[in-house]
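As a plain string of letters, each chain reads:
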Amino acid sequence: MSDEGKVRKVLKVEPLSDGSGHLFHLSVLNKIINMEESIFIPVSRGEYAVLVSVFNFILPYLLGWNTFADSVRPRDTRRMNDASPRSGVDYEWSR
């Protein structure tokens, strides 16, 4: 017998009513051991901004998109550098 679907995890992120931040609510329902647990974490606007920035940076790596992006290179970087007033700058995609 499979235990598939017997553990349910839900993460909700909602703004606080006073606008001072967000509330993270994680709930876990485990039908295997008959347990239900909830965790509430208030997060300030500054902390939320940092979390959004971190997730925006790391998400492509978690999904593997960085492999594709690293494989795509501009065809003629010399021409792009000549057109730029900052031609000595290393571009991120030419590394």
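Notes on the structure follow. (Residues numbered from 1 in each chain as written. Predicted model: local features only at pLDDT ≥ 70, side-chain atom pairs only at ≥ 80, totals over all residues. Heavy atoms only, no water.)

## Considering the pairing of strand β3 (residues 35-44)
- Direction of pairing for strand β2 (residues 21-30) relative to β3: antiparallel, over a ladder of ten bridges. Counted as the bridge partner of G21 is S44 from β3.
- In sequence, β2 turns back onto β3 through a hairpin of four residues, with N34 there showing a positive phi of about 55°. (Pairing = 2+ DSSP bridges. Helix = DSSP H or I, 4+ residues; strand = E, 2+ residues; numbered from the N terminus.)

## Description of the pairing of β2
- When strand β1 (residues 7-15) meets β2, the two strands line up antiparallel, connected through nine bridges. Its bridge partner being in β2, K9 is matched across the sheet by V28.

## Notes on helix α1 (residues 45-63)
- Look at α1: 26 Å from first C-alpha to last across 19 residues, which is about the 27 Å you get at 1.5 Å a residue.
- At F57, α1 is bent by approximately 35°, the largest bend along its length, and proline P60 sits one to four residues beyond.
- Looking one or two places after α1, you find G64, whose phi comes out positive at around 85°. (Expected span 1.5 Å × (residues − 1). Bend = angle between axes of the 7 residues up to and from the residue.)

## Looking at unusual backbone geometry
- A positive phi angle, near 55°, is found at N34, a position not held by glycine.
- Since its relative accessible area comes to 72%, N34 is described here as exposed. (Buried < 20%, exposed > 50% of the residue type's maximum accessible area, 1.4 Å probe, protein only.)

## Topic: the side chain of H22
- Secondary-structure assignment places H22 in strand β2.
- For H22, a relative accessible area of 17% gives the class buried.
- In contact with H22, not counting residues within four places along its chain, are V13, E14, P15, L16, I41, P42, V43 and Y48. (Contact = heavy atoms within 4.5 Å.)

## Regarding the environment of F40
- Structurally, the position occupied by F40 is in strand β3.
- As a C-alpha pair, F40 and L26 span 14 residues in sequence and 6.6 Å in three-dimensional space.
- Look past the residues within four positions of F40 in its chain and what remains in contact with it is L23, F24 and H25.

## Remarks on the environment of N30
- Relative to the helices and strands, N30 is located in strand β2.
- As for N30 and R8, which are separated by 22 residues in sequence, their C-alpha atoms are 6.4 Å apart.
- Apart from the residues within four sequence positions on either side, N30 is in contact with K6, V7 and M35.
- Within the local environment of N30, its side chain forms a polar contact with the backbone nitrogen of I33, the two atoms lying 3.3 Å apart. (Polar contact = N/O pair within 3.5 Å; in protein donor to acceptor, adjacent residues only side chain to side chain.)

## Remarks on the environment of I41
- Along the chain, I41 falls in strand β3.
- Take I41: its relative accessible area is 44%, and that puts it in the partly exposed class.
- Sequence spacing of I41 and V13 is 28 residues, and the spatial spacing of their C-alpha atoms is 9.5 Å.
- In contact with I41, other than residues within four places in its own chain, are H22, L23 and F24.

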